[in-house]
Amino acid sequence: MKFATIAIHAGQEPDSATGAVSVPIYQTSTYAQEGLGKHKGYEYARTQNPTRLALEANLAALEGGAASFAFASGMAAIHAVMTLLQAGDHVVVSDNTYGGTFRLFDKILKKFGLAFTYVDAREPHLVEEAVQPETRMVFVETPTNPVMSLVDIAAVAETTRRRGIRLVVDNTFMSPFFQRPLELGADIVAHSTTKYLNGHSDSIGGALILNDKEDILRLAFIQNAAGAILSPMDSWLVMRGTKTLAVRMRQHDGNGRLVAQFLAEHPRVKKVYYPGLKSHPQHELAKRQMAGFGGMLSFETGSLKNAKGVLEAVRLCTLAESLGGVETLISHPATMTHASVPEVERNRLGITDGLVRISVGIEDAEDIIADLDNALAHLDR
Ligand code: P1T
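The rules we used
- Residues numbered from 1 in each chain as written.
- Predicted model: local features only at pLDDT ≥ 70, side-chain atom pairs only at ≥ 80, totals over all residues.
- Heavy atoms only, no water.
- Near = heavy atom within 4 Å.
- Polar contact = N/O pair within 3.5 Å; in protein donor to acceptor, adjacent residues only side chain to side chain.
- Helix = DSSP H or I, 4+ residues; strand = E, 2+ residues; numbered from the N terminus.
- Nonpolar A, V, L, I, M, F, W, Y, C, P; charged D, E, K, R; others polar.
- Domains from an automatic or database assignment.
- Contact = heavy atoms within 4.5 Å.
- Buried area = accessible area lost by both parts, 1.4 Å probe.
- Salt bridge = Lys/Arg side-chain N within 4 Å of Asp/Glu carboxyl O.
- Buried < 20%, exposed > 50% of the residue type's maximum accessible area, 1.4 Å probe, protein only.

1. Observations concerning the site of the ligand
Moving on, step 1. Around the ligand sit 19 residues, and of these D170, T194, K195, S322 and R357 come closest.
Moving on, step 2. N145 is positioned such that a nitrogen or oxygen atom in its side chain is 2.8 Å from an oxygen atom of the ligand.
Moving on, step 3. Note that an oxygen atom of the ligand is positioned 2.8 Å from one of the side-chain N or O atoms of R357.
Moving on, step 4. If you tally residues by element for the shell around the ligand, the top one is helix α3 (residues 74–82), at three residues.
Moving on, step 5. Residue classes in the shell around the ligand are distributed as five nonpolar, nine polar and five charged.

2. Remarks on the domain arrangement of the protein
Often, the extent of an interface is quoted as the loss of accessible area upon association of its parts.
Moving on, step 1. With domains assigned, the protein is organised as domain 1 (3–243) and domain 2 (246–376).
Moving on, step 2. One C-alpha centre belongs to domain 1, the other to domain 2, and the line joining them spans 25 Å.
Moving on, step 3. The partner domain 2 presents 43 residues to the 40 residues of domain 1 that form the contact.
Moving on, step 4. With both sides pooled, the region where domain 1 packs onto domain 2 buries about 3200 Å², and carbon together with sulfur makes up 61% of that total.
Moving on, step 5. Among the residues domain 1 hides against domain 2, the three largest losses belong to L150, F178 and Y196. Together they make up 24% of the total.
Moving on, step 6. The interface formed by domain 1 and domain 2 holds two salt bridges in total.
Moving on, step 7. Residue R288 is joined to D152 by a salt bridge in which the shortest nitrogen-to-oxygen separation is 3.2 Å.
Moving on, step 8. At the boundary of domain 1 and domain 2, one finds 19 residue pairs in polar contact (both at pLDDT 80 or more).

3. A look at the side chain of N171
Moving on, step 1. As for its position among the elements, N171 is in the loop between β5 (166–170) and α7 (175–178).
Moving on, step 2. With relative accessibility at 0%, the residue N171 sits in the buried group.
Moving on, step 3. Within the local environment of N171, its side chain forms a polar contact with the side chain of E63, the two groups lying 2.9 Å apart.
Moving on, step 4. Residues contacting N171, with those up to four places away along its chain left out, are E63, P176, Q179, P181, V189, A190 and H191.

This is how it looks when you write it as structure tokens:
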């Protein structure tokens, strides 16, 4: 079956008790047992919940994995995957990630004896060169948040496979509709379901999807033992989201291309970061690795004053953190999503005070462009 069909049907069996076509929200903490050790496979809702299990089956099918685990947030999912490791282990990380991911690694996990090396993962050989005898994982985002750099997943997977270490790919920006890292050789896919998978800016969640039998058992244990599970209500919301993932992603992509092109031609915009533009240095890799370019882009206005000018002049675009919802969101990475990255490092990565990020929504593209056109008109050249 093809993607849109899987999105609507995987994990979505009619409810066994009533035939309800929409998986019910099993809002319960526990399950009655018939006798000691006699139950229907459900004991306690941190461990098993039918609504969460339905979502997990859905997400596993969409990413082409054998199993999936849903967590209370994207950060909870990323934290869970890191607890596959132990003190003394080393991780190679793409130097540009969501600021919260860097914060988790740098401010929390380092204290527990994990070591991290950040590399420009646009160059697969730099990943290979950073691998040490203690390296147990490579963690990358592609495209990266917010400067839209790509990592060649197949090339990095060649290294990780040969060295016997895990490759974890945060696939939040593309969603499985445009990119399926497991098929390219990654071992584990991480998501903030808060974004495209849910798609309506009304739920926080995260997920991991993978194939390896032993890691599946380990993550099932971690999910239950550490307990950062996704609630039944949020599981239901994300399932409702994935049913329309295909149609939404097509529209995000169509609008993203139009907005990127508009910005690229605008005399007051210094630079646009969007993998769908021919000017993107990794445009060829984007075409090979992704089935579309999506709705995320950033652009350089040249100064904090200009960035502030745009962010405060827009009317349709909403100034807010987050991304991947139906509505267009606009943000300032340097002071919002990436404030925890040191300034020197931010500037090196291109996360300047003049950088503005847009999560292009699925409104009519003409309206988004008109709003940006109006906001940009006020800027200094
Ligand atoms: O917010 P949460 O659901 O915990 O997900 C964290 C996360 C993980 N990975 C990526 C690539 C992300 O972009 C995020 C969250 N990002 C934002 C809130 C943002 O505005 O960029």
